[in-house]
Amino acid sequence: MGYAHDYAAAIMQRGRVPMEPADFVPDWADRPRKAKFYPGVESFPLPDTDFPEGATVAAGCLRTEGPEGQRPFTLDSLSGMLRDSYGLTGRRLGVQTNTDLAALPHYTQANWSRGTASGGGLYPVSVYWVSGPSGPRAPGIHYYSAPHHSMQRLLTGDVTGEVRAALGEGAAGADHDQFLVLGIKYWQNAFKYNSFSFHAVSMDLGAIVGTWRIWARAQGLAVEPALWFDEERLSRVLGVPHEEEGIFAVVPLAWEGAEPTARLSTAALADVPAVRHTDVERSRTVLRFDTLQRIHAATMEAAIDRPEPGALAPAAAIPPTETGTPVALPEPGLPPVSVRDALRERRSSFGRFDAARPVTTAQLAATLDACVAASLGGDAGQDVAPDDPAAPGLVTLYAFINHVEGVAPGAYAYDPVGHTLRPVVTGPPGPFLQRNYFLSNYNLEQAGVVIVPTIRTAAVLDAVGDRGYRLVNGTIGAVAQTFYTVASALGLGAGVALGFDNISYIEELGLERTGEKPLLIMLLGNERPRPADFRYEIG
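Residues numbered from 1 in each chain as written. Predicted model: local features only at pLDDT ≥ 70, side-chain atom pairs only at ≥ 80, totals over all residues. Heavy atoms only, no water.

Colleague: Even after reading the chapter, I still don't get the sheet that holds strand β6 (residues 150-156), so can you show me in this structure?
Modeller: In sheet architecture, strand pairing relies on hydrogen bonds along the backbone and comes in two forms, parallel and antiparallel. A sheet is described by the order of its strands in space; here six strands give the open sequence β1-β6-β5-β4-β7-β8, paired in antiparallel fashion. In this open sheet, the two edge strands, each paired with only one partner strand, are β1 (43-45) and β8 (245-252). When the angles between neighbouring strand axes are averaged without regard to direction, this sheet yields 30 degrees. This element, helix α4 (residues 160-167), spans β4 (125-131), β7 (178-185) and β8 of the sheet and lies at about 70 degrees to β7. Lying over the sheet, helix α6 (residues 197-218) contacts β4, β7 and β8, oriented at roughly 155 degrees with respect to β7. (Pairing = 2+ DSSP bridges. Helix = DSSP H or I, 4+ residues; strand = E, 2+ residues; numbered from the N terminus. Axes fitted to C-alpha atoms, helices over the stretch in contact; angles between N-to-C directions. Contact = heavy atoms within 4.5 Å.)

Following this line, the structure appears as structure tokens:
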């Protein structure tokens, strides 16, 4: 057993045994930027793009229409995907119960809305575009500047051979010459969450990939990330110290007009090109946390040992136990809302839930069906059983029903095969939910339903090693992003939280036998009418 097992256990226990440093207090006056800053580099703006008709949330989440993965990317589609996921789309200021409310009116701490969710609203994922000869600009490495919706050129020259070499033989997309590389600069999150930050940022990785997969699928494009590759090699090319910024994913892009590229490497060159521009840190003091460094190092080991197809079969979700009378749900369906509109409307409800208007069973059915199907795709082994598309994935969903039409209050397991809810605990769950929530920004009893995704974390780590921890949390991040997007399409309020006693949920749901771990909670419900809001849309 590697260190990831120990880290996962500490995460589960942190509601009862605080993680070190237990007395840590963030220095908000010395906080880092939400994006990297490369002064003096050349940049070019990305084009504005229209969103095509038919690219709906249903096409992106439920896969009921549209040719998945048949079209190539262009500069326009790349620009649209980046803008709708990590680009700034507006400023919001509403009366709600989150603890940062007092700071938001100040411009320096403005709350800019984005399509993709993020732990603590910190958005630590760095997006690099490594472009080869088929691209619309000279080959090179660019950094996506979200505040400006532009590409900043960090290096000129074709280094896509290095990316292909880092992916290795047999990797899907290794014959492409356009790649998005996703890094995470740890300090952008660790300044607030210290040792817990790796748990949060690996979910952030899943959230942005989840957005891209929804966005791309709705337009017949494909986003299939690689999580296993030579991480140190890519760190050198990108010019980032690997202990400060982890490289979490590589997304090959099929590009319009591109010819298949041979799997060549620039490693034979006397001097492999690398980015020499340096990100300028805003914080005067940057701290390192031993636990964060250890889990980062553990998940870098064996990074090139890509799991074989089906390697995760032993970690697949276990079908719910047939106890009690199952509650049948209606067929899932979503309104014809475009992915762009749903992402622009996405937000956290922060205490605005209104129990007077219950969630409908149709709304619950659509949410559960979309969330249980969410995955990272790519080499993450989400095809747990490659020869059986109907086989269960990694995620099991539990629903704590407070106020849903036609469903008695209680805790249920969602059975995706029968599309039913199977009773686990009877009786109103409100007191349990609120008693085991640490923060004051939500009244969980007022939500219509609290959905809890679980994964058999230890089984995943046993199957694919410590790097599987990134897969576990990335998958949960993709589930959370799907949840937010579907809730927005349905016109419901939503919130995702990690501040709860994980062990109590294991005990309440009887998960000791299966090894399932609840990693976050997702609140769904109607909001109070006529909220006091300020909104300014950028574009």
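Colleague: Could you clarify how one ought to interpret helix α3 (residues 75-85) in this entry?
Modeller: It helps to recall that an α-helix has 3.6 residues per turn; residues three or four apart then point in one direction. Burial runs high along α3: ten of the eleven residues are buried. Looking only at α3, the buried set comprises Leu75, Ser77, Leu78, Ser79, Gly80, Met81, Leu82, Arg83, Asp84 and Ser85. Tucked inside the fold, the buried residues of α3 contact β4, β5 (140-145), β6, β7, α6 and α9 (339-345). (Buried < 20%, exposed > 50% of the residue type's maximum accessible area, 1.4 Å probe, protein only.)

Colleague: Is there a simple way to think about the pattern of salt bridges in this case?
Modeller: Where charged atoms of side chains with opposite charge meet at close range, the side chains can pair. Within the structure shown, the criterion is met by 17 salt bridges. For Lys185, the salt bridge goes to Glu281, with nearest N and O atoms at 2.7 Å. Separated by 96 residues along the polypeptide, Lys185 in strand β7 and Glu281 in the loop between β8 and α8 (290-300) bring together distant segments of the chain. Residue classification places Lys185 among the buried positions, given a relative accessible area of 13%. A salt bridge links Arg306 to Asp379, with the shortest nitrogen-to-oxygen separation between them at 3.0 Å. In this pair, Arg306 is assigned in the loop between α8 and β9 (327-328) and Asp379 in the loop between α10 (361-373) and β10 (396-401), connecting sequence segments 73 residues apart. Residue classification places Arg306 among the partly exposed positions, given a relative accessible area of 22%. Here the residues in one salt-bridge network are Arg16, Asp501 and Glu507, joined through shared partners. (Salt bridge = Lys/Arg side-chain N within 4 Å of Asp/Glu carboxyl O.)

Colleague: I tried to follow the environment of Phe229 on my own but got confused; where do I start?
Modeller: Tracing the backbone shows Phe229 in the loop between α6 and α7 (231-238). For Phe229, a relative accessible area of 0% puts it in the buried group. Taking the C-alpha atoms as reference, Phe229 lies 9.5 Å from Met300; in sequence the two are 71 residues apart. Leave out the neighbours within four places in its chain, and Phe229 touches Ala166, Leu167, Leu234, Ile247, Phe248, Ala249, Val250, Ala303, Ile304 and Arg467.

Colleague: Help me understand the packing of aromatic side chains in this model?
Modeller: The relative placement of two aromatic rings is captured by the distance of their centres and the angle of their planes. Under the criterion given, the structure shown has 22 aromatic pairs. Above the plane of the ring of Phe196 lies Arg14, whose end atom (NZ or CZ) is 3.8 Å from the centre. Sitting over the face of the ring of Tyr86, Arg114 holds its NZ or CZ atom 5.5 Å from the ring centroid. (Phe/Tyr/Trp six-rings, centres within 6.5 Å; stacked < 30°, edge-to-face > 60°. Lys NZ or Arg CZ within 6 Å of the ring centre and 35° of its normal.)

Colleague: For this particular structure, what's the right way to read helix α13 (residues 468-490)?
Modeller: The end-to-end C-alpha distance of α13, which contains 23 residues, comes to 33 Å, matching closely the 33 Å that a straight helix rising 1.5 Å per residue would cover. Gly491 lies just past α13 and shows a positive phi near 75 degrees. (Expected span 1.5 Å × (residues − 1).)

Colleague: Explain the side chain of Arg470 to me, please; I cannot follow it from the model alone.
Modeller: Mapped onto the fold, Arg470 is located in helix α13. For Arg470, a relative accessible area of 3% gives the class buried. Polar contacts involving the side chain of Arg470 include one to the side chain of Glu231, which spans 3.1 Å. If we skip the residues at most four places from it in the chain, Arg470 touches Tyr186, Phe198, Ser202, Glu231, Ile247, Phe248, His296, Thr299 and Met300. (Polar contact = N/O pair within 3.5 Å; in protein donor to acceptor, adjacent residues only side chain to side chain.)

Colleague: What should I look at first to understand the state of the cysteines in this one?
Modeller: Covalent bonding between the sulfur atoms of two cysteines is what defines a disulfide. Under the definition given, this model contains zero disulfides. Looking at the unpaired Cys61, the closest cysteine sulfur is the one in Cys371, lying at 8.0 Å. Under the relative-accessibility criterion, Cys371 is labelled buried at 0%. (Disulfide = S-S within 2.5 Å.)

Colleague: Explain the packing of α4 against α7 to me, please; I cannot follow it from the model alone.
Modeller: Describing two packed helices takes the angle between their axes plus the distance from one axis to the other. For the pair α4 and α7, interaxial distance at closest approach is 9 Å and the crossing angle is 165 degrees. When the axes of α4 and α7 are compared, the pair comes out roughly antiparallel. For the element pair α4 and α7, the recorded crossing hand is left-handed. Only Arg233, Leu234 and Val237 of α7 make contact with α4, whose side of the interface consists of Glu162, Val163, Ala165 and Ala166. Per-class residue counts for the contact of α4 with α7 are five nonpolar, no polar and two charged. (Parallel < 35°, antiparallel > 145°, perpendicular 65-115°, else oblique. Left-handed = near helix turned anticlockwise from the far one by under 90°. Nonpolar A, V, L, I, M, F, W, Y, C, P; charged D, E, K, R; others polar.)

Colleague: What exactly am I supposed to notice about the environment of Val159 here?
Modeller: With respect to the helices and strands, the residue Val159 is situated in the loop between β6 and α4. Val159 gets classed as buried once you look at its relative accessible area, which sits at 0%. Measuring from C-alpha to C-alpha, the distance between Val159 and Thr285 comes to 34 Å, with 126 residues separating the pair along the chain. Ignoring sequence-local partners within four residues, the contact set of Val159 consists of Val130, Ile141, Val237 and Pro273.

Colleague: Help me understand unusual backbone geometry, please; the structure alone is not making it clear to me.
Modeller: The general pattern is negative phi for most residues beyond glycine and trans for most peptide bonds. Here the residue pair Glu20 and Pro21 is connected by a cis peptide bond, since its omega of -5 degrees sits within 30 degrees of zero. Positionally, Pro21 belongs in the loop between α1 (3-13) and β1. With phi around 40 degrees, Asn194 is a residue other than glycine that occupies positive phi space. With respect to the secondary-structure elements, Asn194 resides in the loop between α5 (187-193) and α6. Phi is positive for Phe350, which is not a glycine, with a value near 45 degrees. Relative to the helices and strands, Phe350 is located in the loop between α9 and α10.

Colleague: How do you make sense of the pairing of β5 when you look at a structure like this?
Modeller: Where a strand is regular, its side chains alternate between the two sheet faces. The buried count for β5 comes to six of six residues, which makes it a mostly enclosed element. Judged from the four bridges that link them, β4 and β5 form a sheet pairing that is antiparallel. Within β5, the position partnered with Ser131 by the bridge is Gly140. Two successive antiparallel strands, β5 and β6, enclose a turn made up of four residues, where His149 displays a positive phi of approximately 45 degrees.

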